[in-house]
Amino acid sequence: MSTKRKSTKLEADVKPKKSKNKSKCHIDVNKIFDDEQALQRIRNFVDLQDSTKNDENNYDNGDVQAFKRPFFHCVLSNLVLSENFIESLMDEVLDLNFVEKNNDLYKFHQSTEDLKTTKLPYLSALREVIYNTVREWVTKVTGIELTAQVDMSCAMYRYTDVLSCHDDELDDRCIAFIYYLVPPSWKEEDGGRLQMFSLDENGEPEEIVKNLIPVQNSFVFFEVTPASFHQVEEVLTEDKTRLSISGWFHGPQVDRPPPYIETLPAPCLPISIEEDEFYSWINPQYLDTVTQASIKETFVEESQIELSNFLQENKYEELVALLTSIDKSKWTIKGPPNKRRYLAVDPNEVPDHVTKCLNFLQSDALFLLLSSLTGLKLHELAEVSDSEEDEEENQKQRGDTPRCHCEVRKWQHGNYTLVHDTDTETKLCALDAVLYIGCEDWQKKNSVKRKCGMQCRLTMSVSLQLLSVCPSPNSLALVYRDTETLKFVKHINARVKDTQHQGFMDIACVYYE
């Protein structure tokens, strides 16, 4: 989807000028670039090669602020000295064509114009300053020998747009930069802040320790390192647009430490429960052999299906009531934020009814039922075709046995999961089963214009198919995931606050053959 500004309503504080001069225009920039004494003071502070020489963590010289924590970053105020130039530049940028960028990590609009070759006068003038004056100054400040390669594009963040936690490391990126073209009235409550993270003992992001509010005409840059985890906070205002020009300076590649690899949660074997207990939970329609055959046919063909009204109604309603009544202190945030952010509760801290539901989902009888519904070998009594017998024998030789792990989760504003290279769970084929709870008004609020976030699975194939599963109350979503299938939960945006529970809950189970 592409978008082009048709009126001033996208940015109430920007008044467009319709006439455009295609010739080159003059640009006056901050005098700091010519101040050799100021440069030397900043250089002495930064001293990236030996940070032990200076114990000071902050440097402030009026127009330039530099910081060593949580990783080196610098804020240059008033990059351009002419207000008329800035206004004309904003008009020029807003008249560009923008295309929506939307995946597990981000949602915003990016310009389609190639800023390396554009002839537009104000963008061309700014490009020359960034490519030359700024790049040369940053080289002197950091001591990093930057090459002539510069990536640069225009980004437009509107209400609920976001960029989740990441470190920017890719190939030979050395310095990331952002030049802000936001309205002067931008405030903290408008969101869109550049947020920086501290690191835990594994070198992964832990918590936000620095927030930079976007300021018009300010230029922010930071060194790209294994520690440079940051994000763009969700834009929370419907009246303003977070407009910026951002990109990377490139330089020599450096060795990076190997990423931290998480261990999989310990799976459990099927457990035995009383037959009457099992029947008290399951909707009887799923015990019908004709229904099972129909579900299996669909699942074998599509590798996914949604089973509505999966639990008996009285059991489901009690489940909703009890999960929503669990004290907030018992829900803990699951991270790290470069991989996930949601709430989970310790299975030992849940009411007895919830424990019984978990036992039902991990029961030997449900393993057998899921085998009948999917055709997977999740139980020793499950029927297998002749072509599957060899694989079954291989599983026995490897010591593989049907097993699962379950987690009780809560999804609220700002929650998500991300696709990441170190996801050990994707190394194994599995059946994902998600039981949705407390999302009675979710589909209404999750319309095209009011999208809050949804469960998504990205199939890594030639065609790059995207399967989206929208939460539906008391439905069990089954998806078979092979080793080339990645999954994520889209960022839950601010519109979720309009829903009954300001989010929803689920019980996520992973079943292995």
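Only a predicted model underlies this, so the values are computations on that prediction, with no experimental measurement involved.

Undergrad: Sorry, what's going on with the packing of helix α1 (residues 36-46) against helix α3 (residues 121-142) here?
TA: Angle between the axes and distance between the axes are the two parameters that describe a pair of packed helices. At a minimum axis separation of 8 Å, α1 and α3 run at an interaxial angle of 45 degrees. It follows from the interaxial angle that α1 and α3 lie oblique. Packed against α1, whose contacting residues are Glu-36, Leu-39, Ile-42, Arg-43 and Val-46, the element α3 presents Trp-137, Lys-140, Val-141 and Thr-142 at the interface. Here the contact of α1 with α3 is composed, by residue class, of five nonpolar, one polar and three charged.

Undergrad: Can you help me understand the pairing of strand β3 (residues 64-67) in this one?
TA: Looking along a regular strand, one sees side chains alternate from face to face of the sheet. With three bridges joining them, strand β2 (residues 58-60) and β3 adopt antiparallel strand pairing. By the bridge assignment, Tyr-59 is partnered in β3 with Ala-66. In this antiparallel pair of consecutive strands, β2 and β3, the connection spans three residues, and Gly-62 shows a positive phi of 80 degrees. In this antiparallel pair of consecutive strands, β3 and strand β4 (residues 73-76), the connection spans five residues.

Undergrad: Please explain empty space enclosed by the protein as it appears in this structure.
TA: The gaps left among the atoms become clear once a water-sized probe is rolled over them. What the rule picks out here adds up to one cavity of 30 Å³ or more. In this model, the largest cavity occupies a volume close to 40 Å³. Forming the walls of the largest cavity are Leu-361, Leu-366, Leu-370, Ala-433, Leu-435, Leu-476, Ile-507, Cys-509 and Tyr-511. For the lining of the largest cavity, the leading source of residues is strand β25 (residues 504-512), giving three residues.

Calculation criteria
- Residues numbered from 1 in each chain as written.
- Predicted model: local features only at pLDDT ≥ 70, side-chain atom pairs only at ≥ 80, totals over all residues.
- Heavy atoms only, no water.
- Axes fitted to C-alpha atoms, helices over the stretch in contact; angles between N-to-C directions.
- Helix = DSSP H or I, 4+ residues; strand = E, 2+ residues; numbered from the N terminus.
- Parallel < 35°, antiparallel > 145°, perpendicular 65-115°, else oblique.
- Contact = heavy atoms within 4.5 Å.
- Nonpolar A, V, L, I, M, F, W, Y, C, P; charged D, E, K, R; others polar.
- Pairing = 2+ DSSP bridges.
- 1 Å grid on protein atoms, 1.4 Å probe; cavity = no way out; pocket = protein on both sides within 12 Å on 5 of 7 lines; lining within 4 Å.
- Points joined across faces, edges and corners; volume = space filled by probe spheres on them.

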